[in-house]
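Spelled out from the first residue to the last, the chains are:
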Amino acid sequence: MNSEKKVAFYTLGCKLNFSETSTIARNFTNQGFERVDFESTSDIYVINTCSVTDNADKRFKSIVKNALKQNKNAFLIAIGCYAQLKPEELAAVDGVDLVLGATEKFNVTSYINDLTKNEVGKVHSCEISDADFYVGSYAIGDRTRAFLKVQDGCDYKCTYCTIPLARGISRSDTLENVLKNAREIASKDIKEIVLTGVNIGDYGKGEFGNKKHEHTFFELVKELDKIDGIHRLRISSIEPNLLTDETITFVANSNSFVPHFHIPLQSGSDELLKKMKRRYLRKTYTDRVSQIKSEIPNACIGVDVIVGFPGETDELFLETYNYLNELDISYLHVFTYSERPNTEAAEMENVVPQNIRAKRSKMLRGLSAKKRRAFYESQLGKILTVLFENENKEGYIHGFTENYVKVKSPWNPELTNTLQTIILKEIDEDGLVRFEFLKESVIY
């Protein structure tokens with residue numbers, strides 16, 4: 001029925017959003033729609049929004065404008081976290097026809113029998129307490145890696161975060177379905193799967209639509225490791241209190257899991273961790289890092305950190321800076337704190353001025369560059385495996401080693417989506433690593 005109709009997608013935010021956009025896009029193509037690029041003329045534009053990125057509303061408005069430039073009569077749909085939190089605000093943006101909340105987004109095709117533009121955007125959103133069912137999804141991005149969603153929602157009450165308000169309670173895919181999706185991805189000759197979720201270490205909770213736990217994250221990891229045809233499995237981001245010793249030991253000895261962990265810290269000050277209502281103190285974080293480094297010396301460890309949280313004095317910021325400077329980690333993702341409506345932190349006193357937040361952010365970004373370089377230097381001379389991506393960037397092909405060192409080589413399309421054994425040689429002026437192929441280099 002829709003053979004002539006075209007649909008285009010724009011995704012803001014995290015890997016989880018990308019995996020969900022892919023699933024929603026497959027629903028459209030299964031119903032006869034043709035998927036096209038967002039930059040081209042389309043009948044329907046779907047924008048998957050995020051509440052974490054700064055200036056979410058400004059970005060949204062400019063994306064809407066761009067879509068309407070392509071086709072002023074296009075039907076515009078907003079979904080995702082921002083659509084759940086601020087549906088009326090998005091519906092009021094000129095040109096938006098439909099806003100769908102957390103439970104409706106996976107049924108988007110059933111809301112579009114009529115593509116006539118609406119005078120004012122229609123909103124179908126739920127109470128977030130209704131978002132208690134699970135929809136599995138995965139995204140195949142650049143055909144070298146796939147993002148596989150295993151969990152959604154969060155039961156934590158961090159004082160700065162709107163995700164529980166936007167995505168609801170913690171719930172998981174069934175183990176059977178995760179394994180089915182993983183096999184499906186493996187059959188498409190994709191070499192790497194990245195496990196994603198809002199709080200993936202909480203995996204197992206809500207597997208049966210209630211709080212009953214049949215499986216744990218550790219069991220998920222063990223079962224995925226048995227699947228044939230997957231060369232690499234990567235854990236995207238896991239809370240320090242949920243990353244167990246048994247998981248670290250298993251990854252150290254597994255067939256497919258790569259030596260790369262991304263562990264949110266948020267602050268190196270116990271005082272601020274308590275104000276943030278994080279579920280650990282600094283000692284737990286230090287223990288996780290030493291456990292990883294003792295079992296997997298060449299592991300890459302990434303850290304999320306927030307600067308400018310209310311009450312972060314110069315002393316407390318320096319406590320975080322010095323802690324991270326001493327810690328054996330590989331890079332930082334630095335977030336400048338920004339107030340979110342309906343969060344506890346937005347009401348807190350001792351607000352840090354914006355210019356100080358920006359200065360601290362710059363300092364930590366500088367530290368991140370230093371850490372990354374030191375980690376890359378520690379890997380020079382090592383024999384590693386690289387998975388090449390399929391993009392020609394100014395005459396170079398890029399790829400990542402299993403422990404997340406980014407390498408470059410003159411463009412050669414035959415290398416795309418292959419795993420090669422290499423030896424790391426030197427760091428280029430752009431900070432990426434040059435290498436040599438080993439003579440007995442294996443192509444998978």
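Before going into details, it helps to say that this report is about the structure given with it. (Residues numbered from 1 in each chain as written. Predicted model: local features only at pLDDT ≥ 70, side-chain atom pairs only at ≥ 80, totals over all residues. Heavy atoms only, no water.)

Details of the pairing of strand 11 (residues 192-196)
And then number 1: Counting buried positions over the five residues of strand 11 gives five, a clear majority of the element.
And then number 2: Side chains Glu192, Val194 and Thr196 project from strand 11 onto one buried face, and the interleaved Ile193 and Leu195 project onto a second face that is buried too.
And then number 3: Here four bridges tie strand 11 to strand 12 (residues 232-235), and the two strands are oriented parallel to one another. Pairing of leucine 195 across the sheet is with isoleucine 235, part of strand 12. (Buried < 20%, exposed > 50% of the residue type's maximum accessible area, 1.4 Å probe, protein only. Helix = DSSP H or I, 4+ residues; strand = E, 2+ residues; numbered from the N terminus. Pairing = 2+ DSSP bridges.)

Remarks on empty space enclosed by the protein
One simple way to see leftover space: roll a probe sized like a water molecule over the atoms.
And then number 1: Across all of its chains, the model carries two cavities of 30 Å³ or more by this definition.
And then number 2: When its volume is computed, the second largest cavity comes out at roughly 30 Å³.
And then number 3: As for the second largest cavity, its lining consists of Glu389, Asn390, Glu391, Lys393 and His398.
And then number 4: Along the lines of polarity and charge, the residues of the lining of the second largest cavity split into no nonpolar, two polar and three charged. (1 Å grid on protein atoms, 1.4 Å probe; cavity = no way out; pocket = protein on both sides within 12 Å on 5 of 7 lines; lining within 4 Å. Points joined across faces, edges and corners; volume = space filled by probe spheres on them. Nonpolar A, V, L, I, M, F, W, Y, C, P; charged D, E, K, R; others polar.)

Side note on the pattern of salt bridges
And then number 1: All chains considered together, the criterion is met by 29 salt bridges.
And then number 2: Here aspartate 152 makes a salt bridge to arginine 167, at a shortest N to O gap of 3.0 Å. In this pair, aspartate 152 is assigned in strand 9 (residues 151-152) and arginine 167 in helix 5 (residues 163-167), connecting sequence segments 15 residues apart.
And then number 3: When its relative accessible area of 4% is taken as the criterion, aspartate 152 is described as buried.
And then number 4: In this structure, aspartate 152 and arginine 171 form a salt bridge, with 3.6 Å as the shortest nitrogen-oxygen distance. Note that aspartate 152 is positioned in strand 9 and arginine 171 in strand 10 (residues 171-172), a separation of 19 residues in sequence.
And then number 5: Taken together, the shared-partner salt bridges in this structure form one network comprising Glu20, Lys105, Lys149, Asp152, Arg167 and Arg171. (Salt bridge = Lys/Arg side-chain N within 4 Å of Asp/Glu carboxyl O.)

Side note on unusual backbone geometry
It is generally the case that most residues other than glycine have a negative phi and that most peptide bonds are trans.
And then number 1: One non-glycine residue with positive phi stands out, namely asparagine 342, at about 65°.
And then number 2: For glutamate 394, which is not glycine, the phi dihedral falls at a positive 50°.
And then number 3: Note on placement: glutamate 394 falls in the loop between strand 16 (383-388) and strand 17 (396-401).

Regarding the packing of aromatic side chains
And then number 1: Under the definition given, this model contains 14 aromatic pairs.
And then number 2: When the ring of tyrosine 331 is compared with that of tyrosine 404, the centres are 6.1 Å apart and the planes differ by 40°; the resulting orientation is tilted. On the criterion of sequence distance, the pair formed by tyrosine 331 in strand 15 (residues 331-336) and tyrosine 404 in the loop between strand 17 and strand 18 (406-410) is long-range, its members being 73 residues apart.
And then number 3: Looking at tyrosine 404, the relative accessible area reads 24%, which means it is partly exposed.
And then number 4: Plain terms: the ring middles of phenylalanine 388 and phenylalanine 435 are 5.9 Å apart, the flat faces sit at 45° to each other, and that makes the pair tilted. Placement of the pair is phenylalanine 388 in strand 16 and phenylalanine 435 in strand 20 (residues 433-437), with a sequence separation of 47 residues. Judged on exposure class, the residue phenylalanine 388 and its partner phenylalanine 435 are both buried.
And then number 5: In this structure an aromatic cluster arises from ring pairing among Phe9, Phe28 and Phe33.
And then number 6: The ring of tyrosine 138 carries the charged tip of arginine 26 above its face, separated from the ring centre by 4.2 Å. (Phe/Tyr/Trp six-rings, centres within 6.5 Å; stacked < 30°, edge-to-face > 60°. Lys NZ or Arg CZ within 6 Å of the ring centre and 35° of its normal.)

Let's talk about the packing of helix 8 (residues 245-253) against helix 10 (residues 282-295)
Angle between the axes and distance between the axes are the two parameters that describe a pair of packed helices.
And then number 1: For the pair helix 8 and helix 10, interaxial distance at closest approach is 10 Å and the crossing angle is 25°. Overall, the two elements helix 8 and helix 10 adopt an arrangement that is roughly parallel. For the pair helix 8 and helix 10, the sense of crossing is right-handed. Of the residues in helix 10, those touching helix 8 at Asp245, Ile248, Thr249 and Ala252 are Arg288, Gln291, Ile292 and Glu295. (Axes fitted to C-alpha atoms, helices over the stretch in contact; angles between N-to-C directions. Parallel < 35°, antiparallel > 145°, perpendicular 65-115°, else oblique. Left-handed = near helix turned anticlockwise from the far one by under 90°. Contact = heavy atoms within 4.5 Å.)

Some words on the environment of lysine 72
And then number 1: Along the chain, the position of lysine 72 falls in the loop between helix 2 (56-70) and strand 4 (75-80).
And then number 2: Sequence-wise, lysine 72 and asparagine 48 are 24 residues apart; in three dimensions their C-alpha atoms are separated by 20 Å.

Looking at the environment of tyrosine 331
And then number 1: Here tyrosine 331 falls in the buried class, since its relative accessible area comes to 4%.
And then number 2: The spatial distance from the C-alpha of tyrosine 331 to the C-alpha of valine 194 is 18 Å, given a sequence separation of 137 residues.
And then number 3: Excluding its chain neighbours within four sequence positions, the residues that come into contact with tyrosine 331 are His260, His262, Cys300, Ile301, Gly302, Val303, Ser368, Lys371, Arg372 and Tyr404.
And then number 4: One polar contact links tyrosine 331 to histidine 260, side chain to side chain, over a distance of 3.0 Å. (Polar contact = N/O pair within 3.5 Å; in protein donor to acceptor, adjacent residues only side chain to side chain.)

Thoughts on the nonpolar core
And then number 1: Counting 52 residues, the largest nonpolar core has Leu148, Leu195, Phe217, Leu224, Leu324 and Leu364 as its most contacted members.
And then number 2: Counting residues per element, this core draws most heavily on helix 6 (residues 175-186), at six residues.
And then number 3: If near-sequence neighbours (up to four positions away) are discounted, leucine 324 is found in contact with Leu265, Val303, Val305, Ile329, Leu332, Leu364, Leu367 and Lys371.
And then number 4: By size, the runner-up hydrophobic cluster in this structure holds 22 residues, among which are Phe38, Phe60, Val64 and Val99. (Core = buried A, V, L, I, M, F, W, Y, C linked by side-chain atoms within 4.5 Å.)

Thoughts on helix 8
And then number 1: Residues of helix 8 that are buried: Thr247, Ile248, Phe250 and Val251. Looking straight down helix 8, one finds that the buried residues subtend no more than 165° of arc, so they occupy a single side.
And then number 2: Among the structural elements, helix 7 (217-224), strand 12, strand 13 (260-266) and helix 10 are those in contact with the buried residues of helix 8. (Arc of directions from axis to C-beta.)

Honestly, it's all geometry; don't read function into it.
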